[in-house]
Amino acid sequence: MENSFGGCGHNRRRAFTQLQLHIINGYVTNILLSVFFHRVSEADMIEKIAMDVSNKLNNSTPSRDFNSLVGMGAHMKNMGTMLGLESDEVRMIGIWGPSGIGKTTIARYLYNQLSSSFDLSVFMEDIKELTSTRRVSSDDYSAKLYLQKQFLSEILNHKDIEIPHLGVVQDRLNDKKVLIVLDNIDQSIQLDAIAKETSWFGHGSRIIITTQDQKLLKSHGINNIYKVDFPSVYEASLIFCMYAFDQKFPKNGFESLSWEVTNLLGKLPLGLRVMGSHFRGMSKQEWIDALPRLRTRLDASIQSILMFSYDALCDEDKDLFVHIACLFNYQMVERVEDHLGKNFLDVRQQLRILCERSLISIVNGRVYMHNLLEQLGKEIVRHETGNKSIREPGKRQYLVDARDICEVLTNDTGTKSVIGIHFELSGLTDKLSISERAFEGMTNLKFLRFKCMYCNGSPKLCCSPEALNHLSQKLRLLYWEHFPMTCLPSNFGTECLVELYMVDSQLHKLWEGDRPLGNLKHINLNMSKNLKELPDLSSATNLQYMYLSSCSSLVELPSLNATNLKDLDISKCSSLVELPSWIGNAMNLCFLNLTGCSSLVELPSSIGNATNLQVLKLDMCTSLVELPSSIGNLHKLRKLNANGCSKLEVIPTNINLESLEELHLCDCLMLKSFPEISTNIRLLQIPETAIKEVPSSINSWSHLSSFGMSFSENLEVFAHALDIITELVCKDTEIQEISPSVKKFTRLQILVLIGCKKLVSIPQLPDSLILLRAEDCDSLVRLDCSFHNTKNLLLINCLKLNKEARELIIQTGTHFAMLPGEEVPENFTYRAITGSSVMVNLNKRPLSKTSRFKACILLANKEDKEKQVFVRKNIRIWYLIMEKHNPGVFVPCRPTGYSPVRYVTEHLYIFEFEGAVASKELFIDFKVDHSDINIKGCGVIQL
């Protein structure tokens, strides 16, 4: 008996043969009729029959061209609603994205899948190229006739068709269900000629347009626009490996090389395909030899395709594209406008154009350019018009290559052509000494950025005062991390200066005397610990952002016209005694951070004039005694933080800050009065204060969703508080038990018990509890409770916990848990007694699209460290999942990691996560971001 698979195949072959015979019979009949009416010769008739039958048989053969393409099924699914194939209406659908993202490939896949369901279909490839040989704009009418002729010739399979007027498309196709793909449209005239109106086509027709220009689609009234996103890291690796190795994973020994190349190409399918083909068949050493160039140069075939997008821009938009590629990628739109506003007529509009052309994207107000397009921009500045290379770096417009910059700064070869320098110093192995005359020739230099993300606080640039004497007077941006000198030179030009960024500098003062600062908008001198004074900034009338955090030697703020100031951060300026009176003139101030100003005794009453203030941070202002009543005028204030203000006694009463949503007053030990300063508060934190009562008026605070205070048995007296309090904190060293009545707090979400030395047990807690944190509770033995909705269980330094309590914590389904322990429990199926990684085999259970895991790691100090390691407030634990056969690619996980509230040695850290795994054999590696901490052991169980 024949099996079902074999029978199925036989039936399919028989049906396909019948289809072939049907096609042959139908087309022979049509051609014979043509011969009868048009008197075609017998030889021509036979040739036409043979050609047409061959073409139709080829078209009826199922295509396997797309079987190996990655992600096409997902694109088809995502576009399902837009395509609406069940509907009889005529639809136009745009496929939009940058060059090389895969728009044409997706359109071809759709065409292959759908064309058999339509009366007529056509895929018009690269219409941009079709019209590039003909000046479309010279004569619109003749251009449209030309395009219609090409279109009808292809869809009707009639080479010599004549088009006397522009109504022919509508006349011939208005009763036909057609599938039309118009690939790479770049001008509206192309759409107007071929598919101006949906009424031109029969019911159920679909017109699919691929383009880089979103505006073109919208101007044509097309609202169904599918934006093609970059593939996932996993999909990008698959694409690259298919071209490089003809398989879905790297060959042995090529894993890390494959991963690096994939990463450099930024997940752009074009780049993955081109470079995969380039590396195919190459030896490992040839890969290694090719990588340095790939890191800094763009492959010619990729560049030629990306250049189409650039060439379509006008000269001014090209100029903006290069500026972003070389200097302003990842910058906020507002900052780009500030720096380039005098170069371009309308920066925001031009950014919108680049966005519509898929050359940049703007997300949350920040500009992003793909790294291959960024490389394209950097390649462009290496060449003059006409594609001739500028061999001398000092004659280029922008300097972005580290070797080129080193040559210019040490050999004095910079010229007036240079307008911008962007120098990533993290790659330097040795210190670089800037020549005294390095900047002398660069008289048009506007943007100077010396960026050092990983220099560990050590300056890598040595520079004499004489060198800075030659800095351009046209400088708009001076961005110099770890600036090595104590003062800027006397002739430093400030008239054009827009931004001064000198974080972690050696400055004692900025400069001597008064300067013209009319264009200055941004100052950032954070962590300049030796900065003692600032010059008069009264002329900086447009200053909007001033950041002076951790300038611990700064005694007073300078004179300033604060009318346009938006952000002021002077946190951790521990020597600052008072705020200047001009704070009352800061009518546009939105953000004021005074955290850690430990010498600040009072706020000036004039602060009430800053009526646009939205965020006020006063945490750890340990000398502050009271807040002025004038804060009642801050009607736009949304957030007030005063945690750790240990001397704060008075908060004004009889005020209503109608916009206030968050009030944080933790550890204000002297504060006794309940802060009734707003009825619109959403979050109120008053633990570790002297506040013991909760007024009944709190019932009218309809927006209050989070309310934390210190635990006290007396709280039960305030029955109205039992349904309002969401967080309780107890630091009572004498408390021996928590009353079972804690269950009455029906909305309690967080319970924190710190230093409760005599506490023996914890009773049943409300089902609403999300987090339990018990820390340094030396006598805690029992957990007389169960946890139903609790997401975090943190039992830190509770060393007497019994076996039942430990098992309860381990087995409870929490997001994160912490408890004392010396080894990973046995119930974690895959364990490593020592080390930070495990191999996981999922053969026992079927795979789903997403697999969930619970992990346990044991942290300990490194052997050469003393028992207690200094650890910053938060450490970070994260994990990497790699498939055994694809070790260079990390599987996407959620969440990406955890930050425990604190690190304690010999504790178990237990957490859950999920990963989109597609393999049954996995390698899971755990990491912790502290050089003095080891992962002593780990374990994983699949949930």
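For clarity, every value in this text was computed on a predicted model and none was experimentally measured.

Reading the values: rules and limits
- Position numbers for residues count from 1 along each chain, tracking the sequence in the order it is written.
- Local features in this predicted model are restricted to residues whose pLDDT is 70 or higher, and side-chain atom pairs enter the listing and the counts only when it is 80 or higher, whereas totals over whole chains, interfaces and linings include all residues.
- No hydrogens and no water enter the side-chain calculation; it runs on all heavy atoms of the structure.
- Secondary structure elements are taken from DSSP: a helix is a run of H or I of four residues or more, a strand is a run of E of two residues or more, and numbering for both begins at the N terminus.
- Accessibility here uses a 1.4 Å probe with only protein chains present; expressed as a share of the type maximum, an area under 20% marks a residue as buried, one over 50% as exposed, and anything in between as partly exposed.
- Contacts are assigned to residue pairs with any non-hydrogen atoms lying within 4.5 Å of each other.
- Methods summary: accessible areas were calculated by the Shrake-Rupley approach with a probe of 1.4 Å, and residue burial reflects only the protein chains presented.
- At least two bridges found by DSSP between two strands is the condition for calling them paired.
- Multiply 1.5 Å by the residue count of a helix minus one, and that product is the helix's expected span.
- For helices, the axis comes from a line fit to the C-alpha atoms of the stretch in contact; other axes are also lines fit to C-alpha atoms, and the angle between any two N-to-C directions lies between 0 and 180 degrees.
- Throughout this description, any angle smaller than 35 degrees is read as roughly parallel, any larger than 145 degrees as roughly antiparallel, any in the 65 to 115 degree range as roughly perpendicular, and the remainder as oblique.
- Classes in brief: Ala, Val, Leu, Ile, Met, Phe, Trp, Tyr, Cys and Pro nonpolar; Asp, Glu, Lys and Arg charged; the others, Gly included, polar.
- The handedness criterion is simple: a crossing whose near helix is rotated anticlockwise from the far helix by less than a right angle is left-handed, and one whose near helix is rotated clockwise is right-handed.
- Any pair of nitrogen or oxygen atoms within 3.5 Å is treated as a polar contact; in protein, a donor-acceptor pairing is required on top of that, and neighbouring residues in sequence qualify only through side-chain atoms on both sides.
- In the sections that follow, a salt bridge refers to a side-chain nitrogen of Lys or Arg positioned within 4 Å of a carboxyl oxygen of Asp or Glu.
- The criterion for an aromatic pair is that two Phe, Tyr or Trp rings (for Trp, the six-membered ring) have centres within 6.5 Å, with stacked assigned to planes under 30 degrees apart, edge-to-face to planes over 60 apart and tilted to the rest.
- Should the NZ of a Lys or the CZ of an Arg lie within 6 Å of a ring centre and within 35 degrees of the ring normal, that charge is described as sitting over the ring.

Let's shift gears to the overall build of the protein. When you go through the protein residue by residue, the secondary structure sums to 22 helices and 40 strands. Classification of the 943 residues of the protein by burial places 51% in the buried group. Contacts in the protein between residues at least 24 apart in sequence constitute 54% of all its contacts with a sequence separation of at least 6. As presented, the protein carries roughly 44,200 Å² of accessible surface, and 48% of it is formed by carbon and sulfur atoms.

The subject of this paragraph is the pairing of strand E2 (residues 120-124). Among the five residues that make up E2, four are buried, leaving the element largely enclosed by the rest of the structure. As defined by bridge partners, E2 adjoins strand E3 (residues 178-182) across five bridges and the pair is classed as parallel. Across the sheet, the residue bridging to Val-122 is Ile-180, located in E3.

Here helix H16 (residues 315-328) is 14 residues long and its end C-alpha atoms lie 18 Å apart, about the 20 Å a rise of 1.5 Å per residue gives. Of all 14 residues making up H16, 11 are buried, and the element is well covered by its neighbours. Of the residues flanking the end of H16, it is Tyr-330, one or two places downstream, whose phi is positive at about 70°.

Let us look at the packing of H16 against helix H19 (residues 371-380). Taken N-terminus to C-terminus, the directions of H16 and H19 make an angle of 110°; their axes are 8 Å apart at the nearest point. Looking at the two axes, H16 sits roughly perpendicular to H19. Contacts between H16 and H19 involve Phe-321, Val-322, Ala-325 and Cys-326 on the former and, on the latter, Leu-373, Glu-374, Leu-376, Gly-377, Lys-378 and Ile-380. Looking at the contact of H16 with H19 residue by residue, the class counts come to seven nonpolar, one polar and two charged.

Right, let's talk about the packing of helix H12 (residues 255-264) against helix H14 (residues 284-296) for a bit. Following both chains from N to C, one finds H12 and H14 inclined at 25°, their axes separated by 11 Å at the closest point. On the basis of the axis angle, H12 is roughly parallel to H14. The way H12 lies across H14 gives a crossing that is left-handed. On the side of H12, the interface is formed by Leu-257, Ser-258, Glu-260, Val-261 and Leu-264, while H14 contributes Lys-284, Trp-287, Ile-288, Leu-291, Leu-294 and Arg-295. Tallied by class, residues from the contact of H12 with H14 come to seven nonpolar, one polar and three charged.

Assignment of secondary structure puts Asn-588 in the loop between strand E17 (567-569) and strand E18 (591-593). When the C-alpha atoms of Asn-588 and Leu-613 are compared, they prove to be 7.4 Å apart, with 25 residues separating the residues in sequence. Discounting chain neighbours no more than four positions away, the residues touching Asn-588 are Thr-563, Asn-564, Leu-565, Lys-566 and Asn-612. In this structure the side chain of Asn-588 is engaged in a polar contact, spanning 2.7 Å, whose partner is the backbone oxygen of Thr-563.

Counted according to the given criterion, the structure contains 27 salt bridges. A salt bridge links Glu-440 to Arg-437, with the nearest nitrogen and oxygen atoms 2.6 Å apart.

Before going further, it helps to examine the side chain of His-482. Turning to its location among the elements, His-482 is positioned in the loop between strand E13 (477-480) and strand E14 (499-501). Here His-482 falls in the buried class, since its relative accessible area comes to 10%.

Turning our eyes to something else, we now look at the pairing of strand E23 (residues 706-710). The element E23 is largely enclosed, with a buried count of five among its five residues. In the sheet, strand E22 (residues 683-686) pairs with E23 via four bridges, with the strands oriented parallel. Each bridged residue has a counterpart across the sheet, and for Gln-685 the counterpart in E23 is Gly-708. Alignment of E23 against strand E24 (residues 727-730), held across three bridges, turns out to be parallel. Following the sheet pairing, Ser-710 is matched in E24 by Val-729.

Right, let's talk about the sheet that holds strand E4 (residues 206-211) for a bit. Taken in spatial order, the five strands make up an open sheet running E2-E3-E4-E1-E5, and their pairing is parallel. Two strands bound the open sheet, and with one partner strand each, they are E2 and strand E5 (224-227). Strand-to-strand twist across the sheet, computed as the mean angle between neighbouring axes with direction ignored, equals 15°. Each of E2 and E3 touches helix H7 (residues 140-155); the most contacted strand, E2, lies at about 130° to it. Helix H9 (residues 188-195) rests against strand E1 (91-96), E2, E3 and E4 of the sheet, and its axis sits at about 165° to E3.

What follows covers the packing of aromatic side chains. Per the counting criterion, the structure on display carries 26 aromatic pairs. An angle of 35° between the planes, with centres 5.3 Å apart, marks the rings of Phe-816 and Tyr-898 as tilted. Of this pair, Phe-816 sits in strand E30 (residues 816-820) while Tyr-898 sits in strand E37 (residues 897-898); the two residues are 82 residues apart in sequence, bridging distant segments of the chain. What links up through ring pairs into an aromatic cluster is the set Phe-816, Phe-853, Tyr-879, Tyr-898, Tyr-909, Phe-911, Phe-913 and Phe-926. One Lys or Arg, Arg-108, reaches over the ring of Phe-123 and ends 4.3 Å from the middle of that ring. Looking at Arg-449, its charged tip hangs above the ring of Tyr-479, at a distance of 5.1 Å from the centre.

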